[in-house]
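Given next are the chains, with one letter for each unit.
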Amino acid sequence: LQDADALPLDYYTVFVELKSQLADEFDFVAEAVAMDRVYQTVSRTPEGLPCEPPLVIPRPVPGLVSKRVLVMDYLPGVPLSRARDEMIKKGIDPDGPEAKLFGRKLLRALTETFGRCILETGFFHADPHGGNIFVLDDGSVGLIDFGQVKQISGRNRETLGKVMIALAESEGRPEDYDKIGKLALELGVEINPDAKKEAAPAIALWLFDGSATELPGGYDMGELSPNSPVQELSSFPQDLVLVGRSTILIKGLSSRLGIPWSLANEWAPIARSALGIGRDSASKKESRVRFRDVWKTLKQWSKGRATKAVQKMPSPIRTKVLSAIVKRQEKKEQHR
């Protein structure tokens, strides 16, 4: 770290946070509990009704868990880091429509899982990388290794939710950026004394909106650019280091897949729900929620049947169908 002055973040804070997390890395009882906590979050709606999880989380086997041993469900598949080679082996074009469709499915699964965990409970998987994310044999996404998890404070969870909403609702006006900047500072982000006034909102936009093409204050999108807003950070709150790790993973995947992806836009509805924004009376809400959840379950069921039907089609027909689906999704995203 001889060139530490050139690094864009306070890496001492990062390493202190990682050190505190590694203490529980090999406590398998704690890992089993963490696995169940995350599963409970994503397998139920915020109102407590059962729902289909966005990805597969293995369940620990009761009676076969101790501090040194953890037996859990087996997930048949390959790590994301080996997915491209596996596609080629199976005769699937890694740049074809089937791969593109899975790329969107992957982003949506990770976005919903981390968004709900971070913004609803503040408890989330803190070690996401290509070895812990699995592409399963049935085309679904899996998440393993809950040895590193993080619980952020209720105050930071609430403020982070407000940041998502402010970013999603921003129209690029000075008052919008001022609001975002104040919320970022409220989270404990510290900016260099000589930074531009747009530095804080630019950092928030850089971190949570991979679809942004320009940043306020004339900052560059590249993290290592001398004109990156990240260079204006003098300190990043330790409580949010691993939140940043999760967002950068999703942002990096979207960039590599060539899919513009705004975490702010995706997480804002979760934040509104978690903060209780826009709720009607309890009775109206209850009936609406129940109908919504039934409808969502039916849609997920029909999608699952449709996916299996497409997979059974001959290769040329399957490619044409998947190409049409990808184009439809791209058009839909452009109008969001």
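Here, every reference points to the structure presented above.
Calculation criteria
Residues numbered from 1 in each chain as written. Predicted model: local features only at pLDDT ≥ 70, side-chain atom pairs only at ≥ 80, totals over all residues. Heavy atoms only, no water. Helix = DSSP H or I, 4+ residues; strand = E, 2+ residues; numbered from the N terminus. Buried < 20%, exposed > 50% of the residue type's maximum accessible area, 1.4 Å probe, protein only. Contact = heavy atoms within 4.5 Å. Areas by Shrake-Rupley, 256 points an atom, 1.4 Å probe, with all protein chains shown as cover. Polar contact = N/O pair within 3.5 Å; in protein donor to acceptor, adjacent residues only side chain to side chain. Axes fitted to C-alpha atoms, helices over the stretch in contact; angles between N-to-C directions. Parallel < 35°, antiparallel > 145°, perpendicular 65-115°, else oblique. Left-handed = near helix turned anticlockwise from the far one by under 90°. Expected span 1.5 Å × (residues − 1). Arc of directions from axis to C-beta. Salt bridge = Lys/Arg side-chain N within 4 Å of Asp/Glu carboxyl O. Phe/Tyr/Trp six-rings, centres within 6.5 Å; stacked < 30°, edge-to-face > 60°. Lys NZ or Arg CZ within 6 Å of the ring centre and 35° of its normal. Pairing = 2+ DSSP bridges. Nonpolar A, V, L, I, M, F, W, Y, C, P; charged D, E, K, R; others polar.

Draft legend 1. Layout of the overall build of the protein chain. A count of helical and extended segments in the protein chain gives 11 helices and 9 strands. The buried share among the 336 residues of the protein chain stands at 42%. Contacts spanning at least 24 positions in sequence make up 70% of the contacts within the protein chain whose residues lie at least 6 apart. Surface exposure of the protein chain reaches about 18500 Å², of which carbon and sulfur atoms provide 55%.

Draft legend 2. Geometry of the side chain of Thr-113. Relative to the elements of secondary structure, Thr-113 occurs in helix 4 (residues 97-121). For Thr-113, the side chain forms a polar contact with the main-chain oxygen of Ala-109, separated by 2.8 Å. Not counting chain neighbours up to four residues away, the residues in contact with Thr-113 comprise Val-42, Pro-54 and Leu-55.

Draft legend 3. Just the packing of helix 5 (residues 154-169) against helix 6 (residues 174-186), in detail. The interhelical angle for the contact between helix 5 and helix 6, taken along N-to-C directions, is 160 degrees, at an axis separation of 9 Å. Between helix 5 and helix 6, the interaxial angle falls into the category roughly antiparallel. The two elements helix 5 and helix 6 meet at a crossing, and its hand is left-handed. Along the contact surface, helix 5 presents Arg-155, Thr-159, Lys-162, Val-163, Ala-166 and Leu-167, while helix 6 presents Lys-179, Ile-180, Leu-183, Ala-184 and Glu-186.

Draft legend 4. Examining helix 6 more closely. Counted at 1.5 Å a residue, the expected span for helix 6 with its 13 residues is 18 Å, and the 18 Å between its end C-alpha atoms agrees. Taken together, the buried positions of helix 6 are Asp-176, Ile-180, Gly-181, Leu-183 and Ala-184. Taken around the axis of helix 6, the buried residues stretch over an arc of 165 degrees, which confines them to a single face. Facing away from the buried side of helix 6, by more than 90 degrees, are the exposed residues Pro-174 and Lys-182. Buried-residue contacts for helix 6 involve helix 5 and helix 7 (199-208). One or two residues past the end of helix 6 sits Gly-188, with phi positive at roughly 105 degrees.

Draft legend 5. Looking closely at the pattern of salt bridges. Applying the stated criterion to the full structure yields 14 salt bridges. As a salt-bridge pair, Glu-86 and Lys-89 come within 3.9 Å of each other at their nearest N and O atoms. Residue Glu-86 and its partner Lys-89 are both found in helix 3 (residues 83-89); the two are separated by 3 residues, about one turn of the helix. Exposure remark for Lys-89: the relative accessible area of 67% places this residue in the exposed category. When the shortest N-O distance is used, the salt bridge between Asp-176 and Arg-173 registers 3.1 Å. With a relative accessible area of 12%, Asp-176 lands in the buried category. Judged by relative accessible area, Arg-173 falls into the partly exposed class, the value being 37%. Members of the salt-bridge network, linked through shared partners, are Glu-171, Arg-173, Glu-175 and Asp-176.

Draft legend 6. The arrangement of helix 7 in detail. Burial analysis of helix 7 places 10 of its 10 residues in the buried class, the great majority of the element. Regarding helix 7, the residues found buried are Ala-199, Ala-200, Pro-201, Ala-202, Ile-203, Ala-204, Leu-205, Trp-206, Leu-207 and Phe-208. Summarising the contacts, the buried residues of helix 7 are in contact with helix 5, helix 6, strand 8 (190-191), strand 9 (233-235), helix 8 (241-257) and helix 9 (263-275).

Draft legend 7. A look at the packing of aromatic side chains. Summed over all chains, the structure comprises 1 aromatic pair. Above the ring of Phe-123, the side-chain terminus of Arg-37 is found at 3.8 Å from the ring centroid. Between the NZ or CZ atom of Lys-196 and the centre of the ring of Tyr-219, over which it lies, the distance is 4.9 Å.

Draft legend 8. Structural view of the sheet that holds strand 5 (residues 133-136). Read from one edge of the open sheet, 3 strands run 3-5-6, paired in antiparallel fashion. Two strands in the sheet have a free side with no partner beyond their single neighbour: strand 3 (77-79) and strand 6 (141-143). Between one strand axis and the next, the sheet turns through 30 degrees on average, direction left out of account. Taken together, the 3 bridges between strand 3 and strand 5 define a ladder with antiparallel strand orientation. Within strand 5, the residue paired with Val-78 across the bridge is Val-135.

Draft legend 9. Broad picture of the pairing of strand 5. Here strand 5 shows two buried faces, one formed by Ile-133 and Val-135 and the other by Phe-134 and Leu-136. Of the pairings in the sheet, the one linking strand 5 to strand 6 comprises 3 bridges and is antiparallel in character. When the bridges of strand 6 are listed, Ile-133 appears paired with Leu-143. In textbook terms, the turn of a hairpin is the stretch between consecutive antiparallel strands, and for strand 5 and strand 6 this stretch comprises 4 residues, one of which, Gly-139, has a positive phi near 90 degrees.

Draft legend 10. Representation of the packing of helix 6 against helix 7. Packing of helix 6 against helix 7 leaves a shortest axis separation of 7 Å and a crossing angle of 80 degrees. Our classification of the angle between helix 6 and helix 7 gives roughly perpendicular. Seen from helix 6, the contacting residues are Tyr-177, Ile-180, Gly-181 and Ala-184; seen from helix 7, they are Ala-200, Pro-201 and Ala-204. Along the lines of polarity and charge, the residues of the contact of helix 6 with helix 7 split into 6 nonpolar, 1 polar and no charged.

Don't take any of this as a statement about function, it's just geometry.
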